[in-house]
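Results of the structural survey
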Amino acid sequence: MSSHGTPIPMTAQRSGPLSGTAEVPGDKSISHRALILGALAVGETRITGLLEGQDVLDTAAAMRAFGAEVERRDGTWHVHGVGVGGFAEPETVIDCGNSGTGVRLIMGAMATSPITATFTGDASLNRRPMARVTDPLALFGARTVGRAGGRLPMTIVGAADPLPVRYATPVPSAQVKSAVLLAGLNAPGETVVIEREATRDHSERMLTGFGAEVRTEDTDEGRVITLTGRPELRPQIIAVPRDPSSAAFPVCAALITEGSDVLVPNIGLNPTRAGLFTTLREMGADLTYENEREEGGEPVADLRARFSPAMRGIDVPPERAASMIDEYPVLSVVAACAEGETRMTGVKELRVKESDRIDAMAQGLRACGVEVAEGEDWWCVTGRGAGGVPGGATVESRLDHRIAMSFLVLGLAARAPVSVDDGGPIATSFPIFEPLMTALGAHIEREAS
Ligand SMILES: O=C(O)C1=C[C@@H](OP(=O)(O)O)[C@@H](O)[C@H](O)C1
Ligand SMILES: C=C(OP(=O)(O)O)C(=O)O
């Protein structure tokens, strides 16, 4: 959906101890991929635990537009796929709303079929760079017509006679890697993606689960992923694990809110996603992994986070960026409540997310009385110590769910309330954020607009 409707101003106030269990929703990255691969399999894929956030609902609608049957019955999602190369030409414009993952993966999935589709999104998505995906799709033989600078709305004419591709991704991006692999599904022979830094590997894992041949090798060039084209994908039964990127919010809230003790069960700790938790532990957070186990081939644990008044700032190494890319906004909130400087480098990708996340956080933190320095590829937050952030500002969320949630978390520990002008975007990834946080004891309220 391109419009988020009327803004929903929200305010968070200093809260007493947060306690209890926070059952966060399903993983957003895995949910998109389950719907898309389900739509490309032959037969019915069943998905439980799917994230029912707007980003994923928009991908479900897109899969219907390409000819798959997608239905929710009794809490389970049923996807009746059309097979690799079986996508129909959509009759309407594909609106991916706020979702970079949705639009980029779907572009890849349709680019090697002889069909044409036009993509659009909301004001945030229509500002984000798409050439990073359409450049490699052109190598397969797809053609693109879009706005200047490779922006949406954009029409892709899929390749009628696609060629396989060998592509080294110029930016660390699982979306680009996944778009190329999905396009490679309907190309003959082997499609190869090379990434210098490993990014989240859910596509590789799920493609293998659906029966595609995918090889991953770590070489001097980086990680080399080879997919054999034109497989018949077999439908799967998928239980989507809970999202570590959503778990980050109750975890960080507990660490900075006096007296808190919160359990966040069943969180995937895939090393390509778990960088935030490593960082928090290095900062001295009282964050433990309980009941560590393997589920569906992924490491999983229950996270227990307790108020940690003695956290210290650290240098977050650039090679960790890909494994915590969506978590820097909320990390900067924890950094504001720690002692000393937290320096984050190798993070220029943050500038092309739903908003320029370095600028959005830096401006909002400064308005709340926190010192922030920044450059194109780095930023540094000077902590005010536990309970030391003045707060007392209204911050723009800029159509960015993670900015809105991060400042509401800050408000729980700041001396004066912190407001966001629009909490509406939270529904894209974490529709139950407000009731979940409130049930833990957080004072978060909607204001009359
Ligand atoms: O592949 C994915 O599911 C995602 C990849 C990342 O984006 P980039 O590929 O742009 O780094 C991440 O920020 C996004 O939230 C989800
Ligand atoms: C960057 C994000 O998502 P997307 O790129 O899918 O819009 C996010 O969820 O933080």
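Refer to the preceding data block for the structure.
In short, a report on the structure. (Residues numbered from 1 in each chain as written. Chains lettered and ligands numbered in written order. Predicted model: local features only at pLDDT ≥ 70, side-chain atom pairs only at ≥ 80, totals over all residues. Heavy atoms only, no water.)

1. With respect to the overall build of the protein
When helices and strands are tallied, the protein shows twelve helices and 24 strands. Scaling as 2.2 N^0.38, a compact globule of 449 residues should have a C-alpha radius of gyration of about 22 Å, and the protein matches this with 21 Å. On the principal axes, the C-alpha backbone points of the protein span a range of 60 × 45 × 45 Å. Within the protein, the fraction of its 449 residues that count as buried is 60%. Pairs at least 24 residues apart make up 77% of the contacts formed inside the protein by residues separated by at least 6 positions. (Helix = DSSP H or I, 4+ residues; strand = E, 2+ residues; numbered from the N terminus. Rg over C-alpha atoms; globule rule 2.2 N^0.38 Å. Buried < 20%, exposed > 50% of the residue type's maximum accessible area, 1.4 Å probe, protein only. Contact = heavy atoms within 4.5 Å.)

2. Quick notes on the packing of helix H10 (residues 357-367) against helix H11 (residues 401-413)
A pair of packed helices is characterised by two quantities: the angle between their axes and the separation of those axes. Contact geometry for H10 and H11: axes closest at 11 Å, N-to-C directions at 25°. Our classification of the angle between H10 and H11 gives roughly parallel. By crossing handedness, the relation of H10 to H11 is classed as right-handed. Contacts between H10 and H11 involve Arg357, Ala360, Met361, Gly364 and Leu365 from the former and His401, Arg402, Ile403, Ser406, Phe407 and Leu410 from the latter. Of the residues in the contact of H10 with H11, the class split is six nonpolar, three polar and two charged. (Axes fitted to C-alpha atoms, helices over the stretch in contact; angles between N-to-C directions. Parallel < 35°, antiparallel > 145°, perpendicular 65-115°, else oblique. Left-handed = near helix turned anticlockwise from the far one by under 90°. Nonpolar A, V, L, I, M, F, W, Y, C, P; charged D, E, K, R; others polar.)

3. Section: helix H1 (residues 28-40)
A rise of 1.5 Å per residue sets the reference length of H1, with its 13 residues, at 18 Å; its end C-alpha atoms lie 19 Å apart and thus fit the reference within 8%. Summarising burial for H1: 13 of the 13 residues are buried, a large majority. Capping the start of H1 is the job of one residue whose side-chain oxygen sits 3.0 Å from the backbone nitrogen of Ser29: Asp27. (Expected span 1.5 Å × (residues − 1). Polar contact = N/O pair within 3.5 Å; in protein donor to acceptor, adjacent residues only side chain to side chain.)

4. Some words on the environment of Val165
Assignment of secondary structure puts Val165 in the loop between strand S9 (151-157) and strand S10 (166-168). Judged by relative accessible area, Val165 falls into the buried class, the value being 5%. In sequence terms Val165 and Gly189 are 24 residues apart; their C-alpha atoms lie 9.1 Å from each other. The contacts of Val165, once residues within four sequence positions are left out, are Pro136, Leu139, Phe140, Glu190, Thr191 and Val192.

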